[in-house]
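# Examining the three-dimensional arrangement
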Protein chains: 2
Amino acid sequence: MAQPAPTPQSAMRQLNLSRVLHTLAAEGPLSRATVATRIGLTRAAVSTLVETLLRGRLLVEEGPGRSGSVGRPGSQLRLTDRGPCGFGAEIGVDHLAVCAADLRGEIRVRVEKEFRAQHRAPDAVLGELRALARRARAEADGVGLRPAGLAVAVPGLVPRGTTTVLRAPNLGWRDVELAGLLPADLGEVTVHNEASLGGLAELWSRGDPAADGFVYVSAQIGIGACVVLDGRLLSGAHGFAGELGHVPVRPEGPPCGCGGRGCLETYAGEEAVLRAAGIEPGPGVRLGALTARCEAGEPTALRAVRRAGTALGIALSGAVNLLDPRRVVIGGTLTRLAPWLLPPLRRELGRRTAVAAGGRETPLPVTASPLGPDGPLRGAAGLAVRTALDDPARLLAAARGD
Amino acid sequence: MAQPAPTPQSAMRQLNLSRVLHTLAAEGPLSRATVATRIGLTRAAVSTLVETLLRGRLLVEEGPGRSGSVGRPGSQLRLTDRGPCGFGAEIGVDHLAVCAADLRGEIRVRVEKEFRAQHRAPDAVLGELRALARRARAEADGVGLRPAGLAVAVPGLVPRGTTTVLRAPNLGWRDVELAGLLPADLGEVTVHNEASLGGLAELWSRGDPAADGFVYVSAQIGIGACVVLDGRLLSGAHGFAGELGHVPVRPEGPPCGCGGRGCLETYAGEEAVLRAAGIEPGPGVRLGALTARCEAGEPTALRAVRRAGTALGIALSGAVNLLDPRRVVIGGTLTRLAPWLLPPLRRELGRRTAVAAGGRETPLPVTASPLGPDGPLRGAAGLAVRTALDDPARLLAAARGD
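Conventions and cut-offs
Residues numbered from 1 in each chain as written. Chains lettered and ligands numbered in written order. Predicted model: local features only at pLDDT ≥ 70, side-chain atom pairs only at ≥ 80, totals over all residues. Heavy atoms only, no water. Salt bridge = Lys/Arg side-chain N within 4 Å of Asp/Glu carboxyl O. Buried < 20%, exposed > 50% of the residue type's maximum accessible area, 1.4 Å probe, protein only. Helix = DSSP H or I, 4+ residues; strand = E, 2+ residues; numbered from the N terminus. Pairing = 2+ DSSP bridges. Contact = heavy atoms within 4.5 Å. Polar contact = N/O pair within 3.5 Å; in protein donor to acceptor, adjacent residues only side chain to side chain. Least-squares fit on C-alpha atoms with pLDDT ≥ 70 in both. Domains from an automatic or database assignment. Axes fitted to C-alpha atoms, helices over the stretch in contact; angles between N-to-C directions. Parallel < 35°, antiparallel > 145°, perpendicular 65-115°, else oblique. Left-handed = near helix turned anticlockwise from the far one by under 90°. Nonpolar A, V, L, I, M, F, W, Y, C, P; charged D, E, K, R; others polar. Core = buried A, V, L, I, M, F, W, Y, C linked by side-chain atoms within 4.5 Å. Arc of directions from axis to C-beta.

## Some remarks on the pattern of salt bridges
Residues and elements named next belong to chain A. Using the criterion set out here, one finds 40 salt bridges over all chains in the structure. A salt bridge links R104 to E106, with the nearest nitrogen and oxygen atoms 3.8 Å apart. For R104, a relative accessible area of 30% gives the class partly exposed. Take E106: its relative accessible area is 45%, and that puts it in the partly exposed class. Here the residues in one salt-bridge network are D102, R104, E106 and R108, joined through shared partners.

## Remarks on the pairing of strand β3 (residues 75-79) of chain A
On a regular strand, each side chain points to the face opposite its neighbour's, so the side chains alternate between the two faces of the sheet. Residue and element names in this part refer to chain A. With four of its five residues buried, β3 lies for the most part within the structure. Here two bridges tie strand β1 (residues 30-31) to β3, and the two strands are oriented antiparallel to one another. When the sheet's bridge partners are listed, S31 is paired in β3 with Q76.

## Some thoughts on the environment of S18 of chain A
All names here are of chain A. The residue S18 is located in helix α1 (residues 8-27) in this model. Residue S18 is classed as buried on the basis of its relative accessible area of 7%. Spatially, the C-alpha atoms of S18 and A388 are 9.2 Å apart, while their sequence positions differ by 370 residues. Sequence-distant contacts of S18, that is, excluding residues within four places in its chain, are made with L389, D390 and P392. Separated by 2.9 Å, the side chain of S18 and the backbone oxygen of L389 make a polar contact.

## Some remarks on the relation of the copies chain A and chain B
Taken as rigid bodies, chain A and chain B are interconverted by a rotation of 180° and an axial shift of 0.0 Å, the fit giving an RMSD of 0.0 Å. As the rotation angle and translation indicate, the two copies are arranged about a two-fold axis. The C-alpha atom lying nearest the rotation axis in chain A is that of R250 of chain A; the distance is 2.9 Å. Most of the interface of chain A is mirrored in chain B: 100% of its interface residues are interface residues there too.

## Observations regarding the domain arrangement of chain A
How big an interface is tends to be stated in terms of the accessible area lost upon association of its parts. For chain A, the domain assignment lists domain 1 (8-79), domain 2 (84-198 + 376-400) and domain 3 (207-369). Summarising the inter-unit geometry, the C-alpha centres of domain 1 of chain A and domain 3 of chain A are found 42 Å apart.

## Quick look at the packing of helix α2 (residues 32-39) of chain A against helix α3 (residues 43-55) of chain A
Residue and element names in this part refer to chain A. One way to put it is that α2 packs onto α3 with a least axis distance of 9 Å and a crossing angle of 115°. Taken together, the axes of α2 and α3 are roughly perpendicular relative to one another. Considering only the axes of α2 and α3, their crossing is right-handed. In this structure, α2 uses R32, A33, V35, A36 and I39 to contact α3, whose residues at the interface are R43, V46, S47, V50 and L54. Broken down by class, the residue content of the contact of α2 with α3 amounts to seven nonpolar, one polar and two charged.

## Focus on the interface of chain A and chain B
With 48 residues of chain A at the contact, the number on the chain B side is 48 residues. Here R250 of chain B and E252 of chain A are joined by a salt bridge, their closest N and O atoms 2.7 Å apart. Connecting chain A to chain B are 22 residue pairs in polar contact (both at pLDDT 80 or more). Mapped by element, the contributors of at least two residues to the side of chain A that touches chain B are β8 (164-168), β12 (223-229), α9 (299-323) and α10 (338-352) of chain A. Of all the elements, α9 of chain A adds the most residues to the side of chain A that touches chain B, at seven residues. Residues that form the side of chain A that touches chain B fall into these classes: 24 nonpolar, 13 polar and eleven charged.

## Side note on the sheet that holds strand β10 (residues 189-193) of chain B
Residue and element names in this part refer to chain B. In spatial order, the strands read β6-β5-β4-β7-β10; together these five strands make up an open sheet with mixed pairing. A strand with exactly one partner marks an edge of an open sheet, and here the two such strands are β6 (107-114) and β10. Here the average twist between neighbouring strands, direction ignored, is 20°. The pairing of strand β4 (residues 83-91) with strand β5 (residues 95-102) spans seven bridges and is antiparallel. Looking across to β5, one finds that F87 is bridged to A100. Contacts from helix α5 (residues 194-204) reach β7 (145-154) and β10, with the element oriented near 95° to β10.

## Thoughts on the side chain of E202 of chain B
Its place among the elements puts E202 of chain B in helix α5. Ignoring sequence-local partners within four residues, the contact set of E202 of chain B consists of F214, Y216, R327, V329, S369, P370 and L371 of chain B.

## Describing the nonpolar core
Here is a general trend for soluble globular proteins: nonpolar side chains tend to be buried in one another's company. By size, the foremost hydrophobic cluster in this structure holds 92 residues, and its most contacted members are L290 of chain A together with L290 of chain B. When neighbours within four sequence positions are excluded, L290 of chain A is seen to be in contact with V273, L274, A277, I279, A301, V305 and L337 of chain A. Membership of the second largest hydrophobic core comes to 35 residues, among which are L96, L132, A136 and V189 of chain A.

## Considering helix α8 (residues 286-295) of chain A
Residue and element names in this part refer to chain A. Every buried residue of α8 is accounted for by R286, L287, L290, T291 and C294. Down the axis of α8, the buried side of the element spans an arc of 110°, and every buried residue falls inside it. Lining the buried residues of α8 we find α7 (270-276), α9 and α10. Immediately beyond the C-terminal end of α8, within one or two residues, lies G297, with a positive phi of roughly 75°.

## A few points about the packing of helix α8 (residues 287-295) of chain B against helix α9 (residues 299-323) of chain B
Residue and element names in this part refer to chain B. Across the interface, α8 lies against α9 with an axial gap of 8 Å and an inter-helix angle of 110°. The angle between α8 and α9 falls in the class roughly perpendicular. Across from L290, R293 and C294 in α8, the residues of α9 making contact are A301, L302 and V305. Of the residues contributing to the contact of α8 with α9, the split by class is five nonpolar, no polar and one charged.

## Considerations on the pairing of strand β8 (residues 164-168) of chain B
All names here are of chain B. Counted residue by residue, β8 has five buried out of five residues, so it is predominantly covered. Two strands pair when backbone bridges link them, and β8 and strand β9 (residues 173-177) are joined in this way by four bridges, in the antiparallel orientation. In the strand pairing of β9, A168 is matched with W173. A loop of four residues connects β8 with β9, the two strands running antiparallel in sequence, and G172 in this loop sits at a positive phi of about 80°.

What follows is the structure, encoded as structure tokens:
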């Protein structure tokens, strides 16, 4: 299995193959000439690279684009919707999910299950996840997709580059090593904080990722967050950035599972909101009932959601004062409550960020992510696809059946 | 005055001259051979660059370093302590200061003045600053230094790349354009938030800036902050990052000048601490009296400082949960109270960052900056010097008297 070290030239070729793939993933279908312009190579060089990728069945060529265009209309290239795919998995507090995205980033397979993972042993939870992953893999086979990697979202702290969950208070996990428990037949597996993956999905869903900067809140039973600045996820010194759920809202407030008091989660976590609305949290009941009561104008329910929005506004005003982002995005299950949650959040944030807002006429945009609670799962699959596109040699070897 | 556009080759030469200068600023004195190793050029190429810089009197050559070393001992190069210098100025709420640093970064001249700038018209304040700058320039002349640029620290929001103070609540300034009011004879002038400059001074004062990451708090009448991640100052989308002073500590707390309530400044700003200790804030009295009472063990004074430390700990626990920095540094005048301020701050921070601390055995380091209240002024002069070292063509032209 020993391979010769890649020469600089072959490393450059791999990099250029990868740039062709990423360009088509972001903007395809495109002609060879447009790809050449985008990546700054000659058309001849791009044609050679494209030939390799067509032979490896990573690209598909489509007939002339527009008729009536001047000159010989170039045929259009796109990434295949068969062949390699990236798997994403999510371990939620009360659900498990696995999906597969093709190289274009489209979700093609998705299986999920209501499952109360809270305070269950990791091997029981991961056993369920492996069973879901087998179903997802079988469905992917059925549409001509084969696994090229897996990324897993967990609601906890994962030190950078490891598969260890250091703390996941809402699962009741502490120092859990997932390495031996993860699906073994989907390619390379990586593990990440769910809010970080949700933030990446949000970043990739927009037009100009390189210029984007935002605080993304993943609001569900736990409240996670991530910070994206200049198009890059801020990971922190140890990989633990984004713990918005434990930012103090009222320092003498109710005790929190983390050991602090009055943390954001004690006001705006899903269970706290349900309890404040007089709904006992538990499998099956949950947010649907609260949404219905808000729609019916039930005062206790509206008060509970308003209180959560205010608490989110207080915690986020600290983040906005410190980081000066371009926007704030709310994701996670609580986005279903956006019509009642966002107005008090915006009001509180506006009131407390007057200095940081400087002379801005318009308030900082605060929106619910269009991906809703799907962000982390989509981000996981998207990360697996992007990691695969970074390594065309491996994709091509898999295509040859090496 | 029209100059030909620099060819790529001359641009590369300018870049390499600048790299020689920055390497000697960071590590000098060094031999030519060591400089060549550091910047990855041949010794011959470095000798040519050094020749130019010696002729331009930006470098000085010293006799053989250690005797008894093997082979011909190389002579040592260092930056000159005469010639170009960077000026730094600080507009504080109750003081003005101007200093000059030589190319090695050493402060050679410093003049300052107690001056209550609060609620004074900008042209009166800047008139005083220009007078101080004239004195500093005369003193610099006296030791053979000539101005190569000025950076000014202000306690307010300065949009990136401008000389406009958008808001400085503790000065009572709003939308103040400084361009016509700044000293005109010290070279190019730039204006920055004081906490950002304090953070840069802290960063540059340590061994390995590129790997450093911290939250720097500039605690005085106003409380500013800046965030440094991976050795880079985080400026935010509009240049307004770091407004820790308006992070809410107790959301229903006392009203703040910013329009919010219970902001950190209302608990831990210098005036708030003095009032809580029963000392009426005003010119001349101030922190010395409070320090004396703390040293005497006076309970009201100790309680006031403890309350400020706790408030700082609450606000910083939000920042630490969000950003996962390597350390927290307190600068500004309040560092004089460090023995009484830091223990409650550390206690509060430890209690509220258990999740973000993950499995760390040792608590996050929280220290008083050794630069104390000098950070912003030193950072300003340091930035002016670094900006000058970025442009060797201009330094050499000035040396020739162009």
